[in-house]
Amino acid sequence: MSTQSDDAIEHGFKEGDKVWVEDGEGRHHPGIFVGDNEASGWFGGGPSAYVVHPEAHQAEVVSIFRITPREE
């Protein structure tokens, strides 16, 4: 059985990491990684994660492949 810490090692993100989230038009928006969407496999989708966008006061579930590390 996979745990939260196992998943973080697999893709390299952990809770609180600053990330860039790519939208459908290729633009990158700042976000913060919250955690893996553990239900993503139940619905036939690929791996996804929860990301918050503090500046926009929003949160979303995104494909893990649309997230890249953000250095500041």
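Residues numbered from 1 in each chain as written. Predicted model: local features only at pLDDT ≥ 70, side-chain atom pairs only at ≥ 80, totals over all residues. Heavy atoms only, no water.

On to the overall build of the chain, then. Helix and strand content of the chain: 1 helix and 5 strands. Helices and strands in the chain line up, N terminus first, as α-β-β-β-β-β. Across the 72 residues of the chain, 29% fall into the buried class. Long-range pairs, those at least 24 residues apart, make up 35% of the contacts in the chain between residues at least 6 apart in sequence. Within the structure as shown, the chain displays about 5100 Å² of accessible surface, and the carbon and sulfur contribution to it stands at 56%. (Helix = DSSP H or I, 4+ residues; strand = E, 2+ residues; numbered from the N terminus. Buried < 20%, exposed > 50% of the residue type's maximum accessible area, 1.4 Å probe, protein only. Contact = heavy atoms within 4.5 Å. Areas by Shrake-Rupley, 256 points an atom, 1.4 Å probe, with all protein chains shown as cover.)

Turning our eyes to something else, we now look at the packing of aromatic side chains. This structure, assessed with the given rule, holds 1 aromatic pair. Arranged with centres 5.6 Å apart and planes meeting at 25 degrees, the rings of Phe13 and Phe33 form a pair that is stacked. Placement of the pair is Phe13 in the loop between helix 1 (4–11) and strand 1 (18–22) and Phe33 in strand 2 (residues 28–36), with a sequence separation of 20 residues. Residue Phe13 shares its accessibility class with Phe33, and that shared class is buried. (Phe/Tyr/Trp six-rings, centres within 6.5 Å; stacked < 30°, edge-to-face > 60°.)

What follows concerns the confidence of the model for the chain. Taken residue by residue, the chain gives an average pLDDT of 83. The fraction at 70 or more is 81%. No element of the chain has a lower mean pLDDT than helix 1, which averages 51, and none a higher one than strand 1, which averages 97. pLDDT under 50 marks residues 1–9. Its contacts with residues more than four places away, or in other chains, come to 9 contacts. (pLDDT = per-residue confidence, 0-100.)

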